[in-house]
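# Per-entry structural report
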Amino acid sequence: MAGYEAGFRDLTEEVRDRDLPVEGTIPAWLDGALYRNGPARWTVGDAAADHWFDGLTHLTRFAFDDGGVRYTNRFPRTEAYRAAVEEGSFAGQFSSTDGYLARVKSMLTGESTDNANVHVARIGGDLVALTETPNWLRIDPESLESAGTLDYADNLTAHHVTAHLRQAPDSGAHWGYFTRFGRTNEYVLFRIPEGTTRRERVGSVAVEKPAYMHSFALTPAHAVLVEPPLVTHPAKFLLPGSGGFIDSYDWEPDRGTRFLILRRDTGELVREATVPAFFTFHTANAFERDGSLVVDLVAYDDDSAVTDLSLGALRGGDAGFPSGELRRYRLPLDGGGPSHDHLADEVEMPRFSPAVHTREYEHAYAQSTEMDGGNALVRVDVAEGGAVGGRWEEAGVYSGEPVFVPHPEGDDEAEGVVLSLCLDTDAERSVLVVLDGDLTELARAPLPHAVPFGFHGEYFRD
Ligand code: CO
C-alpha cells in the first residue's frame with residue numbers, strides 16, 4: 001500500500017465536465033460548485049521545484065446538480081506554466097534555489113510569479129486564483145483556464161499578500177493585508193468593495209523587520225494580524241545565494257508573536273499584544289465578547305512547519321509533519337493581558353460555517369495531522385472547550401481541507417455539509433466525500449485519477 005507520498009506525485013491528466021459515479025446520496029439542495037486550488041506538478045523533464053508550495057497551479061471544480069456531480073480539472077496556462085513546460089524553469093517561486101535574479105526582480109518590480117496556487121475567491125464578479133504575490137489570476141469558471149492576471153482598479157504597491165481573504169458578512173467586501181517593502185516597510189490592511197477590483201487602503205503598521213504571515217482574522221469591528229517572529233529584512237532578498245523567498249526569513253523567537261489589532265472603520269492600530277513565540281499559517285474564526293477579542297488559530301512551536309516541507313522529504317514519505325495545536329487567544333481590548341486556551345492537538349486547515357464568520361461559534365472543522373496510513377477529519381466543538389463533535393476516517397485515505405457548506409435554510413450551525421477531496425492510497429485515486437455537519441458520510445464520488453494534496457477551496461452557490 002502506498003503511503004501519503006502518493007499525494008505528491010505529478011498529475012498531468014486533465015478532464016472536463018466528467019460525470020462522477022456517486023455512492024450514497026448527495027443532498028439535492030447542493031446546487032453550486034466547489035473550486036479547489038493547489039500545486040499538482042513539480043517536475044518537467046529534468047527541472048524540478050524544491051518545495052511543495054512551488055508546484056504548478058492546478059484547479060478543480062465539482063459542480064453539483066440534482067444529486068450528481070461533474071468534475072473538471074485544469075492547469076491554467078500561466079507564465080509560470082509556460083516557463084516550466086517550455087523552458088524547464090521553476091524559478092522565482094516560494095522556495096527555489098535557482099532564479100535569484102528573477103526573484104530579486106520579482107520582489108522589487110512586482111513582476112513576481114503568476115503561479116497562483118493557494119486559494120480561490122470571487123472578486124469583482126470573476127473567479128480568481130490567489131497566491132501570496134499580487135499576481136492573482138482571473139479564471140474562466142467553466143474551463144478553469146486563466147484569463148490573465150487580475151487588474152486592480154487602484155494604484156497600491158504590494159509585495160507579499162495574503163491569499164486568505166476574509167469576506168465581511170455585513171458588506172460582502174473582501175478584506176486582506178499585504179506587506180510593502182521599502183525605505184519604510186509596512187503591513188497594509190485593505191478591503192475590496194463587493195463588485196469591484198479596487199483595493200482600498202484602510203490602515204497600516206510600519207515595521208522594521210516584516211514577518212512571514214499567511215492569514216489573519218476579522219471581527220465585526222476589527223482586523224487582527226498575527227505576526228510570528230519569522231522575519232526578514234528586504235535587503236536579504238538582494239543577497240546572492242540566499243535561496244528562495246522563504247529562505248530569506250529567520251526565526252527569531254525572542255521577539256515573541258505579536259497580535260496587531262486594527263479598527264476596521266478608521267484603520268487605527270488600537271492594540272498590540274505580544275505572547276511567547278509561536279508560528280501559525282491559519283486562523284479559524286474570530287469574534288468579540290465581553291470586551292475581548294477572541295481568535296482561534298493553529299499554532300506551532302517554531303517555523304519547522306515551513307522549513308520541513310521540502311519535496312524530497314515529502315516524496316520520500318519521511319517528512320516530519322509538525323504538530324499544530326488549535327488554540328483560542330483572548331485579547332482584552334482595554335489593555336489587559338492576553339491569554340489562551342488549548343482546544344485540540346494535531347490539526348490543520350481549520351474551517352467553519354461561513355454563516356457564523358466573525359460571530360461567536362460552536363464548531364471548527366479540521367484535518368487531523370495524525371498520520372497513520374491515513375488521516376481523519378475532525379469537528380472540534382470550540383464552544384465546548386475543544387470536545388470532539390465528530391470524526392470521519394477510513395484506512396488508507398488522506399483527507400483534504402474540510403469546506404463547510406451551510407444548508408440554505410438551516411437554523412443550526414451544523415446544518416449543512418462538509419466537502420473534502422481525499423486521497424485513497426489503495427485505489428490510487430482521489431475521492432470527493434460529502435459528510436453531514438457531524439461528519440457522518442452521506443456520499444462519495446471517486447475521481448478518474450489521484451489529485452495531489454492541495455491547499456484551499458471555496459464553495460459558491462449558483
Ligand atoms: Co493557507
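These lines cover the structure that appears in this document, whether it is placed above or below. (Residues numbered from 1 in each chain as written. Predicted model: local features only at pLDDT ≥ 70, side-chain atom pairs only at ≥ 80, totals over all residues. Heavy atoms only, no water.)

## Some points on the overall build of the protein
Broken down by element type, the protein carries four helices and 36 strands. Sequence separation of 24 or more characterises 60% of the internal contacts of the protein that already satisfy a separation of 6 or more. (Helix = DSSP H or I, 4+ residues; strand = E, 2+ residues; numbered from the N terminus. Contact = heavy atoms within 4.5 Å.)

## Considering helix α1 (residues 79-87)
Those residues of α1 that fall on the buried side of the exposure criterion are A80, Y81 and A84. Down the axis of α1, the sector holding all buried residues measures 105°, keeping them to one side. Seen from the open side of α1, the exposed residues pointing more than 90 degrees away from its buried face are E79, E86 and E87. Residues of α1 that are buried sit in contact with β4 (43-44). Capping the start of α1 is the job of one residue whose side-chain oxygen sits 3.4 Å from the backbone nitrogen of A80: T78. Trailing α1 by a residue or two, G88 shows a phi angle of about 65°, which is positive. (Buried < 20%, exposed > 50% of the residue type's maximum accessible area, 1.4 Å probe, protein only. Arc of directions from axis to C-beta. Polar contact = N/O pair within 3.5 Å; in protein donor to acceptor, adjacent residues only side chain to side chain.)

## Concerning the pattern of salt bridges
Summed over the entire model, instances satisfying the criterion amount to 31 salt bridges. Measuring nitrogen to oxygen at the nearest pair gives 3.9 Å for the salt bridge that ties R82 to E79. Of the two residues, R82 and E79 are both situated in helix α1; the distance of three residues between them amounts to about one turn of the helix. Judged by relative accessible area, E79 falls into the exposed class, the value being 53%. The closest approach of N and O atoms between E272 and R258, which form a salt bridge, is 2.9 Å. Taken together, the residues span a long stretch of sequence, with E272 in strand β22 (residues 269-275) and R258 in strand β21 (residues 257-263) at a distance of 14 residues. Judged by relative accessible area, R258 falls into the buried class, the value being 17%. Among the charged side chains, a network of salt bridges with common partners joins E14, R74, R77 and E145. (Salt bridge = Lys/Arg side-chain N within 4 Å of Asp/Glu carboxyl O.)

## Regarding the coordination of the cobalt ion
At 2.1 Å from the cobalt ion lie its protein donor atoms, namely H164 (NE2), H214 (NE2), H282 (NE2) and H456 (NE2). Geometry at the cobalt ion is irregular, judged from the four donor atoms that bind it and their angles of 91 to 160° at the metal. Every donor residue of the cobalt ion comes from the same chain, spaced as H-x49-H-x67-H-x173-H. Remark: H456 occurs in the loop between β35 (441-446) and β36 (457-460) and H164 occurs in the loop between β12 (160-161) and β13 (166-167); sequence separation between them is 292 residues. For H456, a relative accessible area of 3% translates into the label buried. (Donors = N, O, S within 2.8 Å, 3.2 Å for Na, K, Ca; no water. Tetrahedral: all angles 85-135°; square planar, octahedral: opposite > 155°, others 65-115°.)

## Examining unusual backbone geometry
The bulk of non-glycine residues show a negative phi, and the bulk of peptide bonds are trans. With a phi angle near 55°, E346 is a residue other than glycine that sits in the positive phi range. Take E346: its relative accessible area is 27%, and that puts it in the partly exposed class. Positive phi, close to 50°, is recorded for E428, a residue that is not glycine. By secondary structure assignment, the location of E428 is in the loop between β33 (416-424) and β34 (429-436). Overall, the relative accessible area of 48% leaves E428 in the partly exposed class.

## Describing the side chain of R36
Structurally, R36 can be placed in strand β3 (residues 33-39). Only 2.7 Å separates the side chain of R36 from the backbone oxygen of F455, close enough to count as a polar contact. When sequence neighbours within four positions are dropped, the list of residues in contact with R36 reads H58, L59, T60, E401, V403, L421, G454, F455, H456 and G457.

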